[in-house]
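# Coordinates in review
Here is what each chain is made of, one letter per residue.
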Protein chains: 2
Amino acid sequence: MSDGTAGLLDRLSLNQETVRQWSLPELADGCARAGVRGVGLWRAPVQEYGVAAAARLVRDAGLRVTSLCRGGFFTATDPARRAAALEDNRAAVDEAAALGTTTLVLVSGGLPPGSRDLPGARERVADALAELGPYAAERGVRLALEPLHPMYAADRCVVSTLAQALDLAERFPAGQVGVVVDTYHLWWDDTVGTQIGRAGGTGEEAASRIAAFQLADWVTPLPEGALLGRGQLGDGAVDLRWFRERVETAGYRGPIEVEIFNPALWARDGTDVLAEVVDRFLAHVG
Amino acid sequence: MSDGTAGLLDRLSLNQETVRQWSLPELADGCARAGVRGVGLWRAPVQEYGVAAAARLVRDAGLRVTSLCRGGFFTATDPARRAAALEDNRAAVDEAAALGTTTLVLVSGGLPPGSRDLPGARERVADALAELGPYAAERGVRLALEPLHPMYAADRCVVSTLAQALDLAERFPAGQVGVVVDTYHLWWDDTVGTQIGRAGGTGEEAASRIAAFQLADWVTPLPEGALLGRGQLGDGAVDLRWFRERVETAGYRGPIEVEIFNPALWARDGTDVLAEVVDRFLAHVG
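Residues numbered from 1 in each chain as written. Chains lettered and ligands numbered in written order. Predicted model: local features only at pLDDT ≥ 70, side-chain atom pairs only at ≥ 80, totals over all residues. Heavy atoms only, no water.

### Describing the interface of chain A and chain B
- Chain A puts 31 residues into the contact, and the matching count from chain B is 31 residues.
- The contact between chain A and chain B buries some 2,400 Å² in all, and 62% of this surface belongs to carbon and sulfur atoms.
- Summed over the shared surface of chain A and chain B, the number is zero salt bridges.
- Across the chain A-chain B interface, the total number found is ten residue pairs in polar contact (both at pLDDT 80 or more). (Contact = heavy atoms within 4.5 Å. Buried area = accessible area lost by both parts, 1.4 Å probe. Salt bridge = Lys/Arg side-chain N within 4 Å of Asp/Glu carboxyl O. Polar contact = N/O pair within 3.5 Å; in protein donor to acceptor, adjacent residues only side chain to side chain.)

Here it is, written out as structure tokens:
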């Protein structure tokens, strides 16, 4: 293994949804055995295991939590539901802080039932960021706004492009609100290279908006509901190495998280899946 | 019925895929009885019926053919396949001319198998437009480049936004290459209003790039393959009236074509479907 390979592998993080078949202890053990140093966690399994216990588990395994998924869902118009969403997001910030990660991934939310008002929904996302940004920053956590593929605009996320995410993030200090660059959501966009450069800012870490860099490949046909059809690295249409080079040119040197929702991976042995992820990562990203 | 309603209804065109259960004679008869003056046709059923016979059929029913779907699929790298695609597109231009429509809708094509080179595929679309534009214009047909939803970028159309389509179209005279504004593909894009204005140009018809305006609504969940999940007007997330107002502000006064691929509509009586389309059109577009 060359120094370059070792350096890149040090940056690999496994998002736990990629190996959903694993419990948290299996995840911690499996990553440690595979030499993977980072994990991206999800709130539900962490809460089920216990936040403090999960933090201890990953720390004892020598792992770094690179992100917590996810807060967000800010687009309700009903005041009680909005208040509940904000309260839940404060809890998510607290959980991120307890896990020792600086990055809370936010999925903005879709249109409320019956609504066709995309601009209004997007403004409610901005309002929520304004409320949560200071709370998060005080706890050492940055809100990482994730643009999701436009096919999710109605029911999941009204922020569909990196340009839109940056338009929102730039209303706030870089220490409060960043963005997620996820290849699955952004690969089709002919402006994404330019927008990654914009997200990098001056190239100094404190000014950069790139809070997380996530990988999955795009494969077809899409499954019903379009949620669980992400491809293993190298199986699809995305030029993953191009993305890595672009975020690095923009100054990003942080974790590279592999997040693949795919029932075919979940049906396999987790150790095999992780070994394949590592191989594919080195072959298609390195 | 007010004059405004009658005026708008005169612009309604029924794309035949919306009532796929109808034969061409049923389509001509059904539209004439419903007072619908325009139809959008597809090459396969027209070829099956005979191009000249189809042209006579719709003319005798007092109908105008507002577009022919579709040419395109320009992204192959193999020289023989490229040549075959161009030859097939010349035939499509000839068919459009024979049907008396000025508008040939083009779906650009996806990535060739195994390729990850989106910019290259997009350049091959430009090359094909350069070859076909003069041929089409000589026959009174304009190439109407259609940006398709980004979820089709890999396997169907590497042109995903109106901005991209205009970047390509503007390399050529407005009389040779225009664009399609289809609500289903573009509704999520926060820049689409600006781009519709750009497409309208000076507002004079000769300078406008808007070659066709098509309607379908966005409903979820997406079906497997994501192709046949378009919604009846008013059933989904799209602000259809906003789109009409934007294309009209941009100077467009042409046909408004309803194109919904949805097996639930195909399973019903075509006359009922068309009556519902007319009702929904007046309620949600007018």
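From this point, the discussion proceeds with the structure in view.
### Some points on the sheet that holds strand 3 (residues 64-72) of chain A
Residues and elements named next belong to chain A.
- Taken in spatial order, the eight strands line up as 1-2-3-4-5-6-7-10 and close into a barrel, and their pairing is parallel. Neighbour to neighbour, the strand axes of the sheet diverge by 30° on average, direction disregarded.
- Across four bridges, the pairing between strand 6 (residues 177-182) and strand 7 (residues 210-215) is parallel. Note that in strand 7 the partner of V181 across the bridge is F213.
- Those strands touched by helix 6 (residues 118-138) are strand 4 (103-107), strand 5 (142-145) and strand 6, and its axis lies near 150° from that of strand 5. (Pairing = 2+ DSSP bridges. Helix = DSSP H or I, 4+ residues; strand = E, 2+ residues; numbered from the N terminus. Axes fitted to C-alpha atoms, helices over the stretch in contact; angles between N-to-C directions.)

### Some thoughts on the relation of the copies chain A and chain B
- Expressed as a screw operation, the relation of chain A to chain B combines 0.0 Å of axial shift with a rotation of 180°, fitting to an RMSD of 0.0 Å. In symmetry terms, the pair is related by a two-fold rotation axis. Identified as the residue of chain A closest to the rotation axis by C-alpha distance is E224 of chain A, at 2.0 Å.
- Mapped onto chain B, 100% of the interface residues of chain A again fall at the interface, so both copies present the same surface. (Least-squares fit on C-alpha atoms with pLDDT ≥ 70 in both.)

### Some words on the packing of helix 4 (residues 51-60) of chain A against helix 5 (residues 79-99) of chain A
All names here are of chain A.
- At a minimum axis distance of 9 Å, the contact between helix 4 and helix 5 shows a crossing angle of 30°. Taken together, the axes of helix 4 and helix 5 are roughly parallel relative to one another. In this structure, helix 4 crosses over helix 5, and the sense of that crossing is right-handed. Of helix 5, the residues touching helix 4 (which contributes V51, A54 and A55) are E95, A98 and L99.
- The residue makeup of the contact of helix 4 with helix 5, split by class, is five nonpolar, no polar and one charged. (Parallel < 35°, antiparallel > 145°, perpendicular 65-115°, else oblique. Left-handed = near helix turned anticlockwise from the far one by under 90°. Nonpolar A, V, L, I, M, F, W, Y, C, P; charged D, E, K, R; others polar.)

### Some words on the packing of aromatic side chains
- One pass over the structure, following the stated rule, counts eleven aromatic pairs over all chains.
- Plain terms: the ring middles of W42 of chain A and F261 of chain A are 5.9 Å apart, the flat faces sit at 70° to each other, and that makes the pair edge-to-face. With W42 of chain A in strand 2 (residues 38-42) and F261 of chain A in the loop between strand 10 (256-258) and helix 11 (263-266), the pair connects residues that are 219 residues apart, well separated along the chain. You'll find W42 of chain A and F261 of chain A in the same group, each marked buried.
- Between the aromatic rings of W242 of chain B and F243 of chain B, the centroid separation amounts to 5.1 Å while the plane-to-plane angle is 85°, which identifies the pairing as edge-to-face.
- On the basis of relative accessibility, which here comes to 29%, the residue W242 of chain B falls in the partly exposed class.
- Here the aromatic residues Y184, W187 and W218 of chain A are joined through ring pairs into a cluster of three or more. (Phe/Tyr/Trp six-rings, centres within 6.5 Å; stacked < 30°, edge-to-face > 60°. Buried < 20%, exposed > 50% of the residue type's maximum accessible area, 1.4 Å probe, protein only.)

### Quick look at helix 9 (residues 192-200) of chain B
Residue and element names in this part refer to chain B.
- Of all the positions in helix 9, only V192, G193, Q195, I196, A199 and G200 are classed as buried. With its buried residues spanning 160° around the axis, helix 9 presents them on a single face.
- On the buried face of helix 9, the contacting elements are helix 7 (162-169), strand 6 (177-182), helix 8 (183-186), strand 7 (210-215) and helix 10 (240-249).
- Remark: G201 follows helix 9 within two positions and exhibits a positive phi of approximately 65°. (Arc of directions from axis to C-beta.)

### Examining the pairing of strand 4 of chain A
Residue and element names in this part refer to chain A.
- Of all five residues that make up strand 4, five are buried, and the element is covered over most of its length.
- Alternating positions in strand 4 separate into two faces, T103, V105 and V107 on one and L104 and L106 on the other, with burial throughout.
- Here four bridges tie strand 3 to strand 4, and the two strands are oriented parallel to one another. Considered in strand 4, the bridge of L68 is made with L104.
- This β-α-β element, strand 3 to helix 5 to strand 4, shows right-handed connectivity.
- Here four bridges tie strand 4 to strand 5, and the two strands are oriented parallel to one another. Residue pairing in the sheet places T103 in a bridge with R142 of strand 5.
- In this fold, the crossover linking strand 4 to strand 5 by way of helix 6 has right-handed handedness. (Right-handed = clockwise from strand over helix to strand, strands pointing away.)

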